[in-house]
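Understanding the architecture of this molecule
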Amino acid sequence: MIGALTWKLRRAYARLPIGAACRCCLCGARVRRFLPYRGGWRAAPAAMRALRVIGSDLDHFACPRCGCHDRERHLWLYMNKYGLLERMRGAVLLHFAPELALTTVLAHAGLSRHVMADLYPSRPEIVQMDMLSTGLANSSFDFVMANHVMEHVDDDMTALRELRRVLKPGGLAILQTPYSDVLERTFADPGIRTPEQRLELYGQEDHVRLYGRDIFDRFASAGFASRAARHADALPDVEAPKFGVNPSEPFFLFEAIENRSFK
Ligand SMILES: [Zn+2]
């Protein structure tokens, strides 16, 4: 009860327009600050801090006005920077775990089809779909988006090959995921099963791995060429705290390379 009241007060304060220096790029609101995730970075599990895991901006996480998360805002800024919204006009998008705020703005992108999919759909417009076996036709999509999804998927290599299969050659996959630049190799162990273990070692109760620096090789082996970019190169003028985004989070953009086996 006290926790809920504190949260409401913090949100009300954060929404005050007086002295609001931050701006949500998705709802356009000027806010005093973005709200932290749980206790922020200081409260993150020790292993996550030791491995300097790059993922959500835990200190500037939720917009107090529309509720969108930093990872949605960052993606929107990256997509605008690289002209992906123009490229989406008339295109077909397969969007896993579609975020509400991002979906709302994408409704104006002029997509010819926006297929929203989730293993456990939470809204009526989302179809039930397993990323490991989508049942979709070969080379039928121009874009795939899975924003902070791959770290939840048990068999990510099968999922990546499936995403590559449904993408047209030259199609683009946006695959944001937490990772550690400290880890040489992606870490996953079948013995780590409980929510407590997963929280401590992967960073969240329902994550099943922590990607390391080999993430690009893993994705490449499924037929994706990296088109990734760093915030400092792509968005040098975007002050991260003001827009509530993590400046360490790269844009994980991948291009489906030609594969003769499923034309
Ligand atoms: Zn907002």
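Scroll up to find the structure.
The present account deals with the structure reproduced in this document.

Details of the overall build of the protein
- For the protein, the helix and strand inventory stands at ten helices and nine strands.
- Expected size for 263 residues packed as a compact globule is a radius of gyration near 18 Å; at 18 Å, the protein falls within 12% of this value.
- The principal-axis extents of the C-alpha atoms in the protein amount to approximately 55 × 45 × 40 Å.
- Evaluated residue by residue, the protein yields a buried proportion of 37% over its 263 residues.
- Expressed as a percentage of contacts within the protein between residues at least 6 apart in sequence, the contacts between residues at least 24 apart total 69%.

Concerning the pairing of strand β9 (residues 253-256)
- As paired elements, strand β7 (residues 167-174) and β9 share three bridges and run antiparallel to each other. Following the sheet pairing, L172 is matched in β9 by E255.
- Of the strand pairs in this sheet, strand β8 (residues 224-226) and β9 are connected by three bridges, and their pairing is antiparallel. Residue A225 lies in a different strand from β9, and its bridge partner there is E255.

What about the nonpolar core?
- Judged by nonpolar contacts, the single largest core of 58 residues is most densely connected at L93, F143, V144, A173 and I174.
- The residues contacting L93, other than those within four sequence positions of it, are M88, L111, H114, V115, F141, D142, F143 and M145.

What about the environment of A44?
- Of note, A44 is situated in the loop between β2 (30-31) and α2 (46-50).
- C-beta crowding within 10 Å serves as the criterion here: with 17 such atoms nearby, A44 is assigned to the partly exposed category.
- In this structure the C-alpha to C-alpha distance between A44 and D57, which are 13 residues apart in sequence, comes to 11 Å.
- In this structure, A44 is in contact with R49 and L58, ignoring residues within four places of it in sequence.

Examining unusual backbone geometry
- A positive phi angle is found at R38, which is not glycine, with a value near 50°.
- Residue S139 is not a glycine yet carries a positive backbone phi of 45°.
- Along the polypeptide, S139 turns up in the loop between β5 (127-128) and β6 (141-146).

Reading the values: rules and limits
- Residues numbered from 1 in each chain as written.
- Predicted model: local features only at pLDDT ≥ 70, side-chain atom pairs only at ≥ 80, totals over all residues.
- Helix = DSSP H or I, 4+ residues; strand = E, 2+ residues; numbered from the N terminus.
- Rg over C-alpha atoms; globule rule 2.2 N^0.38 Å.
- Buried ≥ 20, exposed ≤ 12 C-beta atoms within 10 Å, placed from the backbone.
- Contact = placed C-beta atoms within 7 Å.
- Pairing = 2+ DSSP bridges.
- Core = buried A, V, L, I, M, F, W, Y, C linked by C-beta atoms within 7 Å.

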